[in-house]
Amino acid sequence: MLNLFTRRGWRCLVLAVRLLLTSSLLGPAAWAQSGTAQANGLTLAYESVGNPRHETILLISGTGGQLTQWPDALVQALVAQGYRVVRYDQRDSGLSTRFEGAGLPDWAKVMAALQGGPPARLAYTLNDMARDAVGLLDALHVRRAHLVGASMGGMIAQLVATDHPDRVLSLTSLMATDGKPGLPPVAKPEVMAQAPPAPTNPADTAAALAYNFRIRQLLGSPAYPTAEATLRAQVAREVHRAYYPAGYQRQGAAALVESQHDRRTELQALRVPTLVVHGDADPLVPVAAGQDVAVSIPGAEWLLLPGVGHELPSELAPLLAEAIGRVAKRGHSK
């Protein structure tokens, strides 16, 4: 028997450990890490799950969304397919850099600008946020990635793909628009009209919990209702982690302005494998908006989810992961 306390034994033990650490049999949890990265002059909080030697899927959140809003079941299903998955807090949300000195948007001027008035002053644009995503890839030493963006994050993913095509292996645009003129600004105004006024005091945690719970209810999926206790727990986790309504407003203003910018010409020039996903019960972004994204991008795959609202139900994680993985395979690095 080999004596592990001999010099040769120690060498063998070290070699065995190294082999184990580089083995594809290692579970996803062993590759999980979280931290911050310097990107585009900002500090971005992120989490990475999966072997960093594998191709990266970058998850890009919607307005005010934190990295924790991506369903863990979806992350694990993608990692099980052999990908490294990175999710992050965008600027002005979660634990990333906040633009406190920028003040709140002047919504009257923002709305006037959308009606043909002079451009409104914004703290930043979605183009800036697209550069954040590229900067994060740089910080993580990822040359090219598969992009998956939801809502505002879908528009950001589109901008990364059109403005930085050399960094993109595949694109998945979830419940997002391409800015086609004439689309309704809201899919179901009668539903969104039920949204309560946002709390005016950011220190009022009880009001924040009640408000965000109601918003999540309105955006939910009729076919996949979330139990009240579960939904309240999810909202509490988000609010207690990092509740920052001012950042939500600044992101919202940037998203609203970009949603009215017609990106179809740029999207038509894309030559990247693409999946476009939308729920047919989305009360916020019209299904026609998602359909037009699919029409605009050559060869894009269209996936309509019956009974799904403006969210990603955990029950559909296997279906979504399979669809994302399918388009990602078409964009594998050569």
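Here's a quick rundown of the structure.

**What about the nonpolar core?**
Thinking step 1. Counting 43 residues, the largest nonpolar core has Leu58, Tyr88, Leu126, Leu136, Ile156, Val160 and Leu171 as the members making the most contacts within it.
Thinking step 2. Membership of the second largest hydrophobic core comes to 28 residues, among which are Val85, Met175, Ala323 and Ile324.

**Some remarks on the sheet that holds strand β1 (residues 33-39)**
Thinking step 1. Here eight strands make up an open sheet; going across it, the order is β1-β2-β4-β3-β5-β6-β7-β8 and the pairing mixed. Unpaired on one side and paired on the other, β1 and β8 (301-305) mark the two borders of the sheet. In this sheet, adjacent strand axes meet at a mean angle of 20° when their direction is disregarded.
Thinking step 2. Looking at chain direction, β1 and strand β2 (residues 42-49) are connected through seven bridges and run antiparallel. The partner of Ala39 across the bridge, within β2, is Leu42.
Thinking step 3. Across the sheet, helix α4 (residues 126-139) is in contact with β1, β2, β3 (56-60), β4 (84-88) and β5 (145-150); its angle to β1 comes to roughly 115°.
Thinking step 4. Along the sheet, helix α12 (residues 317-330) makes contact with β3, β5, β6 (168-174), β7 (274-279) and β8, crossing β7 at roughly 160°.

**Considering helix α5 (residues 152-163)**
Thinking step 1. The terminal C-alpha atoms of α5 lie 16 Å apart, and with twelve residues this matches the ideal 16 Å at 1.5 Å per residue to within 8%.
Thinking step 2. The element α5 is extensively covered by neighbouring structure, given that ten of its twelve residues are classed as buried.
Thinking step 3. Buried within α5 are the following residues: Met152, Gly153, Gly154, Met155, Ile156, Ala157, Gln158, Leu159, Val160 and Ala161.

**Some thoughts on the pattern of salt bridges**
Thinking step 1. Counted under the stated rule, the structure contains 14 salt bridges.
Thinking step 2. Linking Arg131 and Asp128 is a salt bridge whose minimum nitrogen-to-oxygen distance equals 2.5 Å. In this pair, Arg131 and Asp128 are both assigned in helix α4, three residues apart and thus about one turn of the helix distant.
Thinking step 3. As a salt-bridge pair, Asp138 and Arg167 come within 2.8 Å of each other at their nearest N and O atoms.

**Remarks on the side chain of Ser221**
Thinking step 1. Note that Ser221 resides in the loop between α7 (205-219) and α8 (228-242).
Thinking step 2. Residue classification places Ser221 among the buried residues on the basis of a relative accessible area of 5%.
Thinking step 3. If we ignore the near neighbours within four places in the chain, the residues touching Ser221 are Gly307, Val308, Gly309, Glu311 and Pro313.

**Structural notes on the pairing of β8**
Thinking step 1. Pairing analysis gives five bridges linking β7 to β8, with the strands arranged parallel. Of the residues in β8, the one forming a bridge with Val276 is Trp302.
Thinking step 2. Handedness of the crossover is the feature at issue here: the chain leaves β7, passes through helix α11 (residues 287-296), returns alongside β8, and the resulting connection is right-handed.

**Quick notes on the environment of Thr230**
Thinking step 1. Inspection of the secondary structure assignment puts Thr230 in helix α8.
Thinking step 2. Accessibility expressed as a relative area gives 39% for Thr230, which makes it partly exposed.
Thinking step 3. Note: C-alpha distance between Thr230 and Ile156 (74 residues apart in sequence) is 29 Å.

The rules behind each value
Residues numbered from 1 in each chain as written. Predicted model: local features only at pLDDT ≥ 70, side-chain atom pairs only at ≥ 80, totals over all residues. Heavy atoms only, no water. Core = buried A, V, L, I, M, F, W, Y, C linked by side-chain atoms within 4.5 Å. Buried < 20%, exposed > 50% of the residue type's maximum accessible area, 1.4 Å probe, protein only. Pairing = 2+ DSSP bridges. Helix = DSSP H or I, 4+ residues; strand = E, 2+ residues; numbered from the N terminus. Axes fitted to C-alpha atoms, helices over the stretch in contact; angles between N-to-C directions. Contact = heavy atoms within 4.5 Å. Expected span 1.5 Å × (residues − 1). Salt bridge = Lys/Arg side-chain N within 4 Å of Asp/Glu carboxyl O. Right-handed = clockwise from strand over helix to strand, strands pointing away.

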